[in-house]
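Structural features, examined
As a plain string of letters, each chain reads:
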Amino acid sequence: MPEGPELHLASHFVNQACRGLVFGGHVEKSPVSRNPEVPFESSAYYISASARGKELRLTLSPLPGAQPPREPLALIFRFGMSGSFQLAPSNALPRHAHLRFYTAPPGPQLALCFVDIRRFGHWDLGGEWQPGRGPCVLLEYEQFRKNVLQNLADKVFDRPICEALLDQRFFNGIGNYLRAEILYRLRIPPFEKARTVLEVLKQHRPSPELTLSQKIKAKLQNPDLLELCHSVPKEVVQLGGKGYGQESGEEDFAAFRAWLQCYGMVGMSSLRDRHGRTIWFQGDPGPLAPKGGKSRQKKSKGKQRGPEERMEDTPPPSKTSSRRVAWKGLPEQTTAQQPEGTSFQQDPKVPPVTEKGKRRGQWANSGCCRPQKMKTDNPLLEPEETSAS
């Protein structure tokens, strides 16, 4: 699922791909999208983008003399589970292109498309960042840190740290794979109480006897959780790719797959939090682990393989569908870690299928193509299906 780094990579892509291009005409929305129409038409305009946390702002700026005269228009995008941007020839639009901006003549016509296979993505008119979201973990680190440490009395910090990290009021940009990687690097049990983990950071002060260079060195060698919430997403941005690199298909994600240390990796365990999101970890899950929750461990391919490993052997998707869809084939799509809000558990009214009669990969054809939305008491808390994704 797109998280803060993917939104920033998307904004970089839009700015690079659209640099020097002049767009014209009206903005076209697909008839199947439930998002609002975009009432914008201009004979000539530029497109630019910026990102903050898990939101992207797209600005349409008319050129001087463009007709009809009008002010710039800004849109705020939230990518949901599979949103991305692509630039394609207008006569070869990608599937699931739900919003399209066309270039003006002369020259071959291109279209900047918002592509969203699963249709959980959303756009709003007006260009205002969603109220209630905290400072961006990538671009507003000092404000982000202050916002967390000044609000530790909030009830969200009574919950496990793995759940608190998905609350976009405080951790704007952190999602499922980032929380796993951050907690793993510090060896913090995912179901440790969030306030217990974070309160010690309020008392942490570097020794006044250290020089500035020594303080910087100590911080780099021993980062705390809030510092990793900033530096780990930066690492992903610096990797590039993720659908916005020079490669195509699965090769575009090779660097990211090699970078992962915990999320979906062999030997790691997983549990579902109270919102149904899968958290990957190693060792003790912590004192607030769900009672009766069954921890699953990722097996190597050399061992007997379950459905999640068999899924990894399916052929790569076609170039048209995988060019910039960053989540095809990642661990979140496996049987054990299917998209949150969806359950592939056996229906108690249906007799179980015996191993002898089970066909390889049979689960994938179950017809469960659209996950149900999950109810949550906080609209700014993950999962991605919510409006605050």
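Quick note: structure is the one above.
Keep in mind the model is a prediction, meaning the values are calculated, not measured.

The next point concerns the overall build of the protein chain. Broken down by element type, the protein chain carries ten helices and twelve strands. When each of the 389 residues of the protein chain is scored for burial, the buried share is 50%. Long-range pairs, those at least 24 residues apart, make up 70% of the contacts in the protein chain with a sequence separation of at least 6. A total accessible area of about 19,300 Å² is found for the protein chain, and carbon and sulfur atoms account for 53% of it.

The three strands are arranged β11-β10-β12 in an open sheet whose pairing can be described as antiparallel. Pairing within the sheet leaves two strands with one partner each, and these edge strands are β11 (278-281) and β12 (296-297). Across two bridges, strand β10 (residues 269-272) lies against β12 in antiparallel orientation. Considered in β12, the bridge of Ser 269 is made with Gln 297.

If you walk across this open sheet you meet the five strands as β1-β3-β4-β5-β9, and the pairing is antiparallel. Strands with a single pairing partner mark the edges of an open sheet, and in this sheet they are β1 (23-26) and β9 (122-125). Averaged over all adjacent pairs, the angle separating strand axes in this sheet is 35°, with direction ignored. Summarising the sheet, strand β5 (residues 73-78) and β9 pair through four bridges and their orientation is antiparallel. By the bridge assignment, Ile 76 is partnered in β9 with Asp 124. Strand contacts of helix α1 (residues 4-18): β1, β3 (41-52), β4 (55-62) and β5, with the helix running at about 150° to β3, the strand carrying the most contacts.

This paragraph deals with the packing of aromatic side chains. For the coordinates displayed, the defined rule picks out 17 aromatic pairs. Here Phe 77 and Trp 123 contribute two aromatic rings whose centre-to-centre distance is 6.0 Å and whose plane-to-plane angle is 50°, an arrangement assigned as tilted. Note that Phe 77 is positioned in strand β5 and Trp 123 in strand β9, a separation of 46 residues in sequence. Take Phe 77 and Trp 123: they sit in the same class, and that class is buried. Among the aromatic residues, those joined into a ring-pair cluster are Phe 77, Phe 79, Phe 85, Phe 114 and Trp 123. Above the plane of the ring of Tyr 184 lies Arg 187, whose end atom (NZ or CZ) is 4.2 Å from the centre. The residue whose ring lies beneath Lys 242 is Phe 256, and the NZ or CZ to ring-centre distance is 3.7 Å.

Another point: the environment of Leu 56. Positionally, Leu 56 belongs in strand β4. For Leu 56 and Phe 79, which are 23 residues apart along the polypeptide, the C-alpha to C-alpha distance reads 8.4 Å. For Leu 56, the contacting residues outside a window of four places in its chain are Leu 7, Ala 10, Ser 11, Ala 49, Ser 50, Ala 51, Leu 75, Ile 76, Phe 77, Phe 79, Phe 85 and Trp 129.

With that settled, the discussion passes to the pattern of salt bridges. Scanning the model with the defined rule gives 14 salt bridges in all. Between Arg 133 and Glu 55 there is a salt bridge whose closest N-O contact spans 3.8 Å. Of this pair, Arg 133 sits in the loop between β9 and α2 (141-149) while Glu 55 sits in strand β4, and the two are 78 residues apart along the sequence. For the pair formed by Arg 133 and Glu 55, the shared burial category is buried. The partner of Asp 167 in a salt bridge is Arg 169, with the nearest N and O atoms 2.9 Å apart. For Asp 167, a relative accessible area of 0% puts it in the buried group. When its relative accessible area of 25% is taken as the criterion, Arg 169 is described as partly exposed. Here the residues in one salt-bridge network are Glu 55, Arg 78, Asp 124 and Arg 133, joined through shared partners.

Relative orientation of the contacting elements α1 and helix α7 (residues 225-239) amounts to 40°, with a least axis distance of 9 Å. Classified by the angle between their axes, α1 and α7 sit oblique to one another. Pair α1 / α7 crosses with right-handed handedness. Touching Pro 5, Glu 6, His 8, Leu 9 and His 12 of α1 are Pro 233, Val 236 and Val 237, all from α7.

Counting 43 residues, the largest nonpolar core has Val 148, Phe 157, Ile 161, Phe 171, Leu 198, Leu 225 and Leu 226 as the members making the most contacts within it. Secondary structure elements with two or more residues in this core: α2, α3 (161-164), α4 (176-186), α5 (194-203), α7, α8 (254-259) and β11. Discounting chain neighbours no more than four positions away, the residues touching Phe 171 are Val 137, Phe 144, Val 148, Phe 157, Ala 164, Leu 165, Leu 198, Leu 226 and Cys 229. If you look at the next biggest cluster of nonpolar residues, it comprises 31 residues, including Phe 13, Val 27, Leu 56 and Leu 138.

Quick notes on the rules
- Residues numbered from 1 in each chain as written.
- Predicted model: local features only at pLDDT ≥ 70, side-chain atom pairs only at ≥ 80, totals over all residues.
- Heavy atoms only, no water.
- Helix = DSSP H or I, 4+ residues; strand = E, 2+ residues; numbered from the N terminus.
- Buried < 20%, exposed > 50% of the residue type's maximum accessible area, 1.4 Å probe, protein only.
- Contact = heavy atoms within 4.5 Å.
- Areas by Shrake-Rupley, 256 points an atom, 1.4 Å probe, with all protein chains shown as cover.
- Pairing = 2+ DSSP bridges.
- Axes fitted to C-alpha atoms, helices over the stretch in contact; angles between N-to-C directions.
- Phe/Tyr/Trp six-rings, centres within 6.5 Å; stacked < 30°, edge-to-face > 60°.
- Lys NZ or Arg CZ within 6 Å of the ring centre and 35° of its normal.
- Salt bridge = Lys/Arg side-chain N within 4 Å of Asp/Glu carboxyl O.
- Parallel < 35°, antiparallel > 145°, perpendicular 65-115°, else oblique.
- Left-handed = near helix turned anticlockwise from the far one by under 90°.
- Core = buried A, V, L, I, M, F, W, Y, C linked by side-chain atoms within 4.5 Å.

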